[in-house]
Amino acid sequence: MYIAIEGIDTAGKSTQINAVSQNFPNAIVTKEPGATDIGKEIREMVLSARAQSKKAEFLLFLADRAEHIKEVIEPNIQNKMIISDRSAVSGVAYALIQGEIDKKDLIELNHFATNRVYPQKVFLLRLTKEALEFRLSKKKLDGIELRGSEYLLKIQDAIVEATKLLGLELIEIDATLTRDEITSKILDNINRESTN
Ligand SMILES: Nc1ncnc2c1ncn2[C@@H]1O[C@H](COP(=O)(O)OP(=O)(O)O)[C@@H](O)[C@H]1O
Ligand SMILES: Cc1cn([C@H]2C[C@H](O)[C@@H](COP(=O)(O)OP(=O)(O)O)O2)c(=O)[nH]c1=O
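Residues numbered from 1 in each chain as written. Chains lettered and ligands numbered in written order. Predicted model: local features only at pLDDT ≥ 70, side-chain atom pairs only at ≥ 80, totals over all residues. Heavy atoms only, no water.

Asker: Hey, could you go over the UniProt feature "binding site: ATP" (unreviewed entry) in the chain for me, with residue numbers and the actual values?
Answerer: In the numbering used here, UniProt assigns the feature "binding site: ATP" (unreviewed entry) to G7, I8, D9, T10, A11, G12, K13 and S14. The residues contacting G12, other than those within four sequence positions of it, are L125 and R135. In this fold, S14 is placed in helix α1 (residues 13-21). (UniProt positions renumbered as here; feature names shortened; annotations may be inferred. Contact = heavy atoms within 4.5 Å. Helix = DSSP H or I, 4+ residues; strand = E, 2+ residues; numbered from the N terminus.)

Given below as structure tokens:
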């Protein structure tokens, strides 16, 4: 099973991936951007936010995704639990907010990059404005986070739209619950699927 943990910066994705993956010792834990050798270089480039063109930024993330799907997801999707920190859902969501690329093209270009290999489940850790601002205040912000909380909250709504546009199963979880409560909700949903 290939699942993605989605959410804006500081929503608790890394925390939950660490907790959930304890229950799947053989799981492949991965991420976007930066899961492959080339992806690491792309991540450095794109997080520096030096690209003047939003299309260039989008295509860099798409290149990372194409390599991620080929090198990590496709070889393991049939027989392993794959838990990814972000996915094409983030790709579409962040690009929707940029507004420079037509929705149809966004989806088609992601189909091209991913061979239509997408997460079976997308868990969105949904933050409140207050919790987001508190958490952002605790960290050094990267080029994208520096765009501020209003921008990131728009992204959060765009993640829901992106999941719908890609036709994926979305499970929204209140990211202000305790770490353990969130982990339990994710595991309950995965185990419910496995027993069906
Ligand atoms: N359920 C939670 N309640 C309170 N703080 C949390 C919770 N989950 C994560 N955090 C804290 O929020 C910050 C961001 O968490 P992290 O997992 O790094 O988020 P992300 O990977 O989505 O950026 C960290 O300081 C982490 O300790
Ligand atoms: C995967 C992806 C991420 N992003 C953004 C989300 C994050 O702000 C940044 C990735 O940084 P990263 O540190 O991996 O995420 P986080 O801050 O949540 O730990 O890039 C895009 O703009 N497009 C994409 O396709």
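Asker: Would you mind going over the site of ligand 2 in detail, with residue names and values included?
Answerer: Close to ligand 2 lie 14 residues, the nearest being D9, K13, R43, R65 and R86. Note that an oxygen atom of ligand 2 is positioned 2.8 Å from one of the side-chain N or O atoms of D9. Between ligand 2 and R86, the relevant distance is 2.7 Å, taken from an oxygen atom to a side-chain nitrogen or oxygen of the residue. When ligand 2 is considered free in solution it has 540 Å² of accessible area, and contact with the protein chains removes 91% of it. Those elements giving two or more residues to the shell around ligand 2 turn out to be α2 (37-47), α3 (54-76) and α4 (88-98). Per-element tally for the shell around ligand 2: the top contributor is α4, with three residues. In terms of residue class, the shell around ligand 2 is made up of five nonpolar, two polar and seven charged. (Near = heavy atom within 4 Å. Polar contact = N/O pair within 3.5 Å; in protein donor to acceptor, adjacent residues only side chain to side chain. Areas by Shrake-Rupley, 256 points an atom, 1.4 Å probe, with all protein chains shown as cover. Nonpolar A, V, L, I, M, F, W, Y, C, P; charged D, E, K, R; others polar.)

Asker: Give a detailed account of the UniProt feature "domain: Thymidylate kinase-like" (unreviewed entry) in the chain, specifying residues and quantitative values.
Answerer: Within this numbering scheme, the UniProt entry marks residues 5-186 as carrying the feature "domain: Thymidylate kinase-like" (unreviewed entry). Between the C-alpha atoms that bound residues 5-186 there is a distance of 9 Å. The span itself is 54% helix and 12% strand.

Asker: So, the confidence of the model for the chain: which residues are in play, and what are the values?
Answerer: Within the chain, residue pLDDT values average 94, and 98% of them lie at 70 or more. Across the interface, the model reports ipTM at 0.94; the global pTM reads 0.94. (pLDDT = per-residue confidence, 0-100.)

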